Amino acid sequence: MQFFLALRHIHEPDIARHLNIQPDDFVYHHCRTRCLDGLPIVIEYTYMPLDLVPGLKKSQLYQSVYAYLRDVLGYKISSFHHIIRAVAATEEEAERLEVAAGSPLLELEQVGFLDDGTPFEYSVSRNVGDRSELRDINVVLLFAPSSVRLDAASAE
């Protein structure tokens, strides 16, 4: 896995909007290429607000950033919102993914939210379609009607 971790101002208003921060706020930005059996399958670009994720180190990127958020910072991740589209590989992506420039990639844009509704991550992954597949599971939570109380008082 190849990646870099940088601390920088974001100048893209779209990223700031997704993270609900100001365009001149600092973010962690990391970019990595993931491989399977030595073959690159995806490039991931991830942005996290610096103020929300204090103390993030490069070593955590080799592990699980989500475990760091949960276990060290005490955050509860509640949801991820996705947009999926086809895009063409840029020159740099083509080189890193070992495909021709302009080759089709499957892009997954994602915003992660904490349980209080705060966006903690904006990421874009670009996947080589013939080397991987994305699987999606939707879970439907069923709630009791508002006329039914599910507390100790309803047991009386």
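A. Spotlight on the overall build of the chain. Across its full length, the chain carries four helices and six strands. Along the chain, from the amino end to the carboxyl end, the secondary structure elements read β-α-β-β-α-α-β-α-β-β. Across the chain, contacts joining residues at least 24 apart in sequence account for 52% of those joining residues at least 6 apart. Counting every atom, the chain has about 9,900 Å² of accessible surface; 54% of that belongs to carbon and sulfur.

B. Summary view of the nonpolar core. Core analysis: the biggest nonpolar cluster contains 19 residues, and Leu19, Tyr45, Tyr47, Leu105 and Tyr122 have the highest contact counts within it. For this core, the elements supplying multiple residues, two or more each, are helix H1 (13-19), strand S2 (26-36), strand S3 (39-49), helix H4 (91-97), strand S5 (104-114) and strand S6 (119-128). Apart from residues no more than four positions distant in its own chain, leucine 19 is found in contact with Val27, Tyr47, Pro49, Pro119, Phe120, Glu121 and Tyr122. Core analysis: the second largest hydrophobic core is formed by 11 residues, Val65, Tyr68, Leu69 and Phe120 among them.

C. Structural context of the packing of aromatic side chains. Across all of its chains, the model carries four aromatic pairs by this definition. A ring pair is formed by tyrosine 66 and phenylalanine 120, whose centres lie 6.1 Å apart and whose planes are at 85°; its orientation type is edge-to-face. Residue tyrosine 66 is found in helix H3 (residues 65-72), and its partner phenylalanine 120 is found in strand S6; the two are separated by 54 residues along the sequence. Residue phenylalanine 120 is classed as buried on the basis of its relative accessible area of 0%.

D. Local environment of the side chain of asparagine 127. Secondary-structure assignment places asparagine 127 in strand S6. Residue classification places asparagine 127 among the buried positions, given a relative accessible area of 7%. Reaching out from asparagine 127, the side chain makes a polar contact with the side chain of serine 125 at a distance of 3.5 Å.

E. Structural context of the pairing of S2. Note: S2 against S3, 10 bridges, orientation antiparallel. Across the sheet, residue histidine 30 finds its bridge partner in S3, namely threonine 46. The turn joining S2 and S3, which pair antiparallel and follow one another in sequence, is formed by two residues; a positive phi near 55° is taken by aspartate 37.

F. Structural detail: the pattern of salt bridges. Here the structure, examined in full by the defined rule, presents nine salt bridges. A salt bridge links arginine 17 to aspartate 14, with the shortest nitrogen-to-oxygen separation between them at 2.3 Å. One end of the pair, arginine 17, and the other, aspartate 14, are both in helix H1, three residues apart, so they sit about a helical turn from each other. What makes aspartate 14 partly exposed here is its relative accessible area of 35%. The closest approach of N and O atoms between arginine 96 and glutamate 92, which form a salt bridge, is 3.6 Å. Taken together, the positions of arginine 96 and glutamate 92, both in helix H4 and four residues apart, correspond to about one turn of that helix.

G. Region of the structure containing unusual backbone geometry. Located in the positive-phi region is aspartate 37, a residue other than glycine, with phi close to 55°. As for its placement among the helices and strands, aspartate 37 is situated in the loop between S2 and S3. For glutamate 98, which is not glycine, the phi torsion reads 60° and is therefore positive. Mapped onto the fold, glutamate 98 is located in the loop between H4 and S5.

H. Looking closely at the side chain of glutamate 107. Turning to its location among the elements, glutamate 107 is positioned in strand S5. For glutamate 107, a relative accessible area of 5% translates into the label buried. A polar side-chain atom of glutamate 107 sits 2.4 Å from a polar atom in the side chain of arginine 85. Once you skip the residues sitting within four places of it in the chain, glutamate 107 turns out to touch Ile83, Ile84, Arg85, Val87, Val124, Ser125 and Arg126.

What counts as what
- Residues numbered from 1 in each chain as written.
- Predicted model: local features only at pLDDT ≥ 70, side-chain atom pairs only at ≥ 80, totals over all residues.
- Heavy atoms only, no water.
- Helix = DSSP H or I, 4+ residues; strand = E, 2+ residues; numbered from the N terminus.
- Contact = heavy atoms within 4.5 Å.
- Areas by Shrake-Rupley, 256 points an atom, 1.4 Å probe, with all protein chains shown as cover.
- Core = buried A, V, L, I, M, F, W, Y, C linked by side-chain atoms within 4.5 Å.
- Buried < 20%, exposed > 50% of the residue type's maximum accessible area, 1.4 Å probe, protein only.
- Phe/Tyr/Trp six-rings, centres within 6.5 Å; stacked < 30°, edge-to-face > 60°.
- Polar contact = N/O pair within 3.5 Å; in protein donor to acceptor, adjacent residues only side chain to side chain.
- Pairing = 2+ DSSP bridges.
- Salt bridge = Lys/Arg side-chain N within 4 Å of Asp/Glu carboxyl O.

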